[in-house]
Amino acid sequence: MNRILIVEDEPRIAAFVAKGLRAEGFVPTVVADGITGLDYALTGEFDLMVLDIGLPGMNGFGILERVTIERPSLPIIVLTARDSVTDTVTALEGGAADYMSKPFRFGELLARVRLRLRAQTDTSPDDELRVGVVTLDLRKRRAYTGDREIELSAREFALAEVLMRNRDLVLSREQLLSQVWGYDFDPGSNIVDVYVGYLRKKLGAEFVVTIRGAGYRVE
Ligand code: CA
């Protein structure tokens, strides 16, 4: 049973996220101000935090800074307004957090929550991911199209894994950058596009679909 802390002062968004997470079997706790949010985050009683940036008391950046230092193992998903994505990405540099810009679909948040929790406690290393003819053997870190083994670099494998774990969801360049490269790169960089190109060359042009203006998806 995963306990999720939601720090969000807009009641409609907080209720929507809490209700959705509860329906999926999580145990959500909603806090509407930054100071209480930070206190809760530091208790160690939560497995993940969903964090708004604009909050009364203390803003999300302040919380992020303290939690990153004092409780670095807590996975964080930041909710941010679309027009402050650049500030948010800058603030997340080096941290373990991920972000979503508002408005977002619940399914996308859920996929991200699951991915973060799995990354945290992955106890089934012999998993296999399969989408179409592409198979990833996660234990042996090998990739196949049909029966044919395909050589992927560590980065290519990680990118394919994130896309396949989130099949049918659109992942933005920024999201892929944060999950595969961990913000080591400038968000303006085209490295994601370059690597998607490598994957298409190796796994088939149809493996990754480009969603214009939004990102990439495997389906
Ligand atoms: Ca807010």
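Above this note sits the structure.
Throughout this description, residue numbers start from 1 for each chain and increase along the sequence as written. Local features in a predicted model are, by the rule used here, given only for residues with pLDDT of at least 70; side-chain atom pairs are given and counted only at 80 or more, and totals for whole chains, interfaces and linings are based on all residues. Heavy atoms from the whole structure form the basis of all side-chain values; hydrogens and water molecules are not counted.

Draft legend 1. Region of the structure containing the coordination of the calcium ion. Note on donors: an N, O or S atom is included if it sits within 2.8 Å of the metal, or within 3.2 Å for Na, K and Ca, and water is never included, so sites can look incomplete. Those protein atoms acting as donors to the calcium ion are Asp9 (OD), Asp52 (OD) and Gly54 (O), and they sit at 2.1 to 2.3 Å. Linear spacing of the donor residues for the calcium ion on their chain is D-x42-D-x1-G. One end of the pair, Asp9, is in the loop between strand E1 (3-7) and helix H1 (11-23); the other, Gly54, is in the loop between strand E3 (48-52) and helix H3 (60-70), and 45 residues separate them in sequence. Residue classification places Asp9 among the partly exposed positions, given a relative accessible area of 30%. Strands here are runs of E lasting at least two residues and helices are runs of H or I lasting at least four, both read from the DSSP assignment and numbered beginning at the N terminus. Categorising residues by exposure relies on relative accessible area from a 1.4 Å probe, with only protein chains included: less than 20% of the type maximum marks a residue as buried, more than 50% marks it as exposed, and the intermediate range marks it as partly exposed.

Draft legend 2. Region of interest: the sheet that holds strand E9 (residues 148-150). By this definition, two strands are paired if DSSP reports at least two bridges between them. The antiparallel open sheet is built from four strands, whose spatial order is E6-E7-E8-E9. Each edge of the open sheet carries a strand with a single partner, namely strand E6 (128-131) and E9. Mean inter-strand twist for the sheet, computed between neighbouring axes without regard to direction, equals 25°. Pairing analysis gives four bridges linking strand E7 (residues 134-137) to strand E8 (residues 142-145), with the strands arranged antiparallel. Among the inter-strand pairings, Val134 is bridged to a residue of E8, identified as Thr145. Each axis is a line fitted through C-alpha atoms, and for a helix only the stretch in contact is used; angles between axes span 0 to 180 degrees, taken between their N-to-C directions.

Draft legend 3. Inspection of the pattern of salt bridges at higher detail. The term salt bridge refers to a side-chain nitrogen of Lys or Arg lying within 4 Å of a carboxyl oxygen of Asp or Glu. Overall, the coordinates contain 16 salt bridges when judged by the stated rule. A salt bridge links Arg141 to Glu161, with the nearest nitrogen and oxygen atoms 3.4 Å apart. With Arg141 in the loop between E7 and E8 and Glu161 in helix H6 (residues 154-165), this residue pair connects regions lying 20 residues apart in the sequence. With relative accessibility at 14%, the residue Glu161 sits in the buried group. The salt bridge involving Glu161 is made with Arg165; its shortest N-O contact spans 3.0 Å. Residue Glu161 and its partner Arg165 are located together in helix H6, separated by four residues, close to a single helical turn.

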